Amino acid sequence: MMGDWQAMLADAKAFAAKREIFDREGYVLFESVLDPEMIGDIRNALAPYLAADIAGRNDFEGLKTNRIYAMLAKGRMFADLACHPLALAFAEADLGKECLLSACLAINIHPGETVQPWHYDDSHYRLPRPRQSLGVSAFWAIDETTELNGATEIIPGSHIWPEQNLPGGNTLATFSDKRMRSVEEDPGAREDSIQVTMLPGSLMLAKGTLWHRGGANRSDKSRMIITPQYCPGWTRQLENMALAVEPKIAANLPARAQQLIGYSIHPPFMGYVDGMHPTRLLTRA
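Quick caveat, the model's predicted, so the values are computed rather than measured.

Draft legend 1. Layout of the pairing of strand E9 (residues 223–231). The buried count for E9 comes to 9 of 9 residues, which makes it a mostly enclosed element. The alternating pattern of E9 places Arg 223, Ile 225, Thr 227, Gln 229 and Cys 231 on one face and Met 224, Ile 226, Pro 228 and Tyr 230 on the opposite face, and all of these are buried. Pairing analysis gives 9 bridges linking strand E3 (residues 100–109) to E9, with the strands arranged antiparallel. Considered in E9, the bridge of Ala 103 is made with Gln 229. Here strand E4 (residues 136–141) runs beside E9; their pairing, made up of 4 bridges, is antiparallel. Paired with Val 136 across the strands is Tyr 230, a residue of E9.

Draft legend 2. A look at helix H3 (residues 36–51). Between its terminal C-alpha atoms H3 stretches 22 Å, which fits the 22 Å expected from 16 residues at 1.5 Å a residue. Of all the bends in H3, the largest measures some 35° and sits at Ala 45, one to four residues before the proline Pro 48. Among all positions of H3, only Met 38, Ile 39, Ile 42, Ala 45 and Leu 46 are buried. In the core, the buried residues of H3 are packed alongside strand E2 (65–68), helix H4 (76–82), E3 and E9. The backbone nitrogen of Glu 37 has a side-chain oxygen 3.1 Å away, supplied by the residue at the start of H3, namely Asp 35. Immediately beyond the C-terminal end of H3, within one or two residues, lies Asp 53, with a positive phi of roughly 50°.

Draft legend 3. Local environment of unusual backbone geometry. With an omega dihedral of 0°, the bond running from Arg 129 to Pro 130 counts as a cis peptide bond. Cis geometry is found at the peptide bond from Pro 267 to Pro 268, where omega equals 5°. Positioned with a positive phi, Ser 32 is a non-glycine residue whose angle comes to about 50°. With respect to the secondary-structure elements, Ser 32 resides in the loop between strand E1 (27–30) and H3. Phi angles above zero are rare outside glycine, and Asp 274 is one such case at about 55°. Within the secondary structure, Asp 274 is located in the segment after helix H8 (255–260). Residue Asp 274 is classed as exposed on the basis of its relative accessible area, which comes to 72%.

What counts and how
- Residues numbered from 1 in each chain as written.
- Predicted model: local features only at pLDDT ≥ 70, side-chain atom pairs only at ≥ 80, totals over all residues.
- Heavy atoms only, no water.
- Buried < 20%, exposed > 50% of the residue type's maximum accessible area, 1.4 Å probe, protein only.
- Helix = DSSP H or I, 4+ residues; strand = E, 2+ residues; numbered from the N terminus.
- Pairing = 2+ DSSP bridges.
- Expected span 1.5 Å × (residues − 1).
- Bend = angle between axes of the 7 residues up to and from the residue.
- Contact = heavy atoms within 4.5 Å.
- Polar contact = N/O pair within 3.5 Å; in protein donor to acceptor, adjacent residues only side chain to side chain.

In structure tokens:
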């Protein structure tokens, strides 16, 4: 039986209507996209990495947050998630068919974690705003996200703002800030922001220029999301996928996942290896 999101993708007018919302608000939400079995598989695959309980290194990563990187090297289901047709439909529409996977990580926020600084995900390109977005970020809820446990907070419509920073926003100093703050402390509180609460398996898509942040976790349980982030094929990825995913692992990924991590060509020939298409290397892996 076709789900609501599948029916939307199959209907050009319905997809165009959702894209209009995406273009206007900077984000769009789809409820309960993943089935419980896949959510269970994801939790099981991540369990050993979460058990290591490696905390973030600064205020941006979160001193009471686990971040798991190089996801496509840690399980086939993460490649499937990065290639999910719903997320890719919006990424390709915004960024082109040759878009790449810029990053893919799990974010597990523990009780007592404070609000994250305001930021937008394509800020590393350091181009003046306002401008066209150079990214699409997917936020997959693995746990239910609530106002209490730190659901992602966004400012609707802020993707077209000219501001380069906001009060309580991310700066270079954030990455060396290791101060433990109170969970109630909020230097960036705003009246125009909302928290996007989601049931497990739900998906929020956000433009790379949308101002957002992780919420404070005032509950007694952790909450986890996975965020594949996409960029145009002519830009540099945040994570060095060629090193994060070894060729012997990449060789066994779906073809679309191989393309997303960089085994692809952006016309006319950006991305070649020794004058040839990079997938030729995978036959030797």
